[in-house]
Amino acid sequence: MAVANEGNRRVAEQGFIDRIQHLAGAANPAFAAGSLLVPLAFFAASLALGSTELLFYTHVAAGAVWFGFALIFPAIIGPTLGGLDEAAAAAVNRTLIPKAVFFLVGFSLTTVLSGTVLLTPEVGLGYGFGGTWSGLALGLGWGLFAFGLAVPHRLHLSAYYETVSPDPDADRLESIERKNLVVGLFEGAVMLALIVLMTGFRLG
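From a predicted model like this one, the values you see are computed outputs, not experimental measurements.

**Structural notes on the side chain of Thr111**
- Structurally, Thr111 can be placed in helix α4 (residues 86-118).
- Sequence-distant contacts of Thr111, that is, excluding residues within four places in its chain, are made with His59, Ala62, Gly63 and Trp66.

Structure (structure tokens):
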């Protein structure tokens, strides 16, 4: 089981569900649930009301939050943590990373789901776009979402679990931060490319 001992911050990583429960507890269960449910509630309301306008607003707003936070993390938060002493950086990591994981999953999932519905005329809420531009944007969006789960989130969690281990390895944490910077730059470039694609099919 995943166990958090407040006295020594030990975390045993065994089982996906146990890790999720531990992270939710570390993030604050209400915050974790809200990060997932609030953006998805707007998506669900758009479908229930059959409102293309609300769906488009949800897509743009969720995407702005996702892209903005994903860029701020490597550009500002990572370097700031790197400038702190080990104890201070560890304290911030223990508080920040569990929250960031749930927050980013909720908004990124809402972005790609709402974009898929907007660009799928068969659903009935299409925004009037089709063809190569929209297809590329949709594929790149889902690719970016999958990449986020497979790489940046795993790096953040690796840093978190190293931080809360009984004997954190400072060199490993530094290595993770360097990888985060490279991954963040790549993710930022892909996000900018996605914005170019969206602008292309929006302007025709």
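Having put the structure on the table, let's press on.
**Here we look at unusual backbone geometry**
- The backbone of Asn28 sits at a positive phi, close to 95°, despite the residue not being glycine.
- When you line up the elements, Asn28 lands in the loop between α1 (16-27) and α2 (29-49).

**Details of the side chain of His156**
- For His156, the location among the structural elements is in helix α6 (residues 152-163).
- For His156, a relative accessible area of 9% gives the class buried.

**Looking at the packing of aromatic side chains**
- Per the counting criterion, the structure on display carries six aromatic pairs.
- Measuring from centroid to centroid gives 5.8 Å for Trp142 and Phe145, while their planes differ by 90°, and the two rings are edge-to-face. Of this pair, Trp142 and Phe145 are both found in helix α5 (residues 132-150), three residues apart, which corresponds to roughly one turn of the helix.
- Note on Phe145: relative accessible area 12%, which makes it buried.
- Ring geometry for Tyr160 and Tyr161: centres 5.4 Å apart, planes at 65°, overall edge-to-face. In this structure, Tyr160 and Tyr161 share a single accessibility class: buried.
- An aromatic cluster is built from Phe69, Phe103 and Phe107, whose rings are joined through pairwise contacts.

**A word on empty space enclosed by the protein**
- Here the structure, examined in full by the defined rule, presents one cavity of 30 Å³ or more.
- One number sums up the size of the largest cavity: a volume of about 170 Å³.
- What lines the largest cavity is a set of 16 residues, and nearest its centre among them are Ala70, Leu104, Pro152, His156 and Glu187.
- Secondary structure elements with two or more residues in the lining of the largest cavity: α3 (52-82), α4, α5, α6 and α7 (170-203).

**Things to note about the pattern of salt bridges**
- Going through the model one piece at a time under the given rule, you end up with two salt bridges.
- Between Glu162 and Arg172 there is a salt bridge, with the nearest N and O atoms lying 2.8 Å from each other. Of the two residues, Glu162 sits in helix α6 while Arg172 sits in helix α7, which places them 10 residues apart along the sequence.
- By relative accessible area, Glu162 is classed as buried at 12%.
- Among the salt bridges present, the one from Arg178 reaches Glu174, with a minimum N-O distance of 3.3 Å. Separated by four residues within a single helix, Arg178 and Glu174 lie in helix α7, roughly one turn from each other.
- For Arg178, a relative accessible area of 49% puts it in the partly exposed group.
- Given a relative accessible area of 46%, Glu174 falls into the partly exposed group.

Cut-offs and rules
Residues numbered from 1 in each chain as written. Predicted model: local features only at pLDDT ≥ 70, side-chain atom pairs only at ≥ 80, totals over all residues. Heavy atoms only, no water. Helix = DSSP H or I, 4+ residues; strand = E, 2+ residues; numbered from the N terminus. Contact = heavy atoms within 4.5 Å. Buried < 20%, exposed > 50% of the residue type's maximum accessible area, 1.4 Å probe, protein only. Phe/Tyr/Trp six-rings, centres within 6.5 Å; stacked < 30°, edge-to-face > 60°. 1 Å grid on protein atoms, 1.4 Å probe; cavity = no way out; pocket = protein on both sides within 12 Å on 5 of 7 lines; lining within 4 Å. Points joined across faces, edges and corners; volume = space filled by probe spheres on them. Salt bridge = Lys/Arg side-chain N within 4 Å of Asp/Glu carboxyl O.

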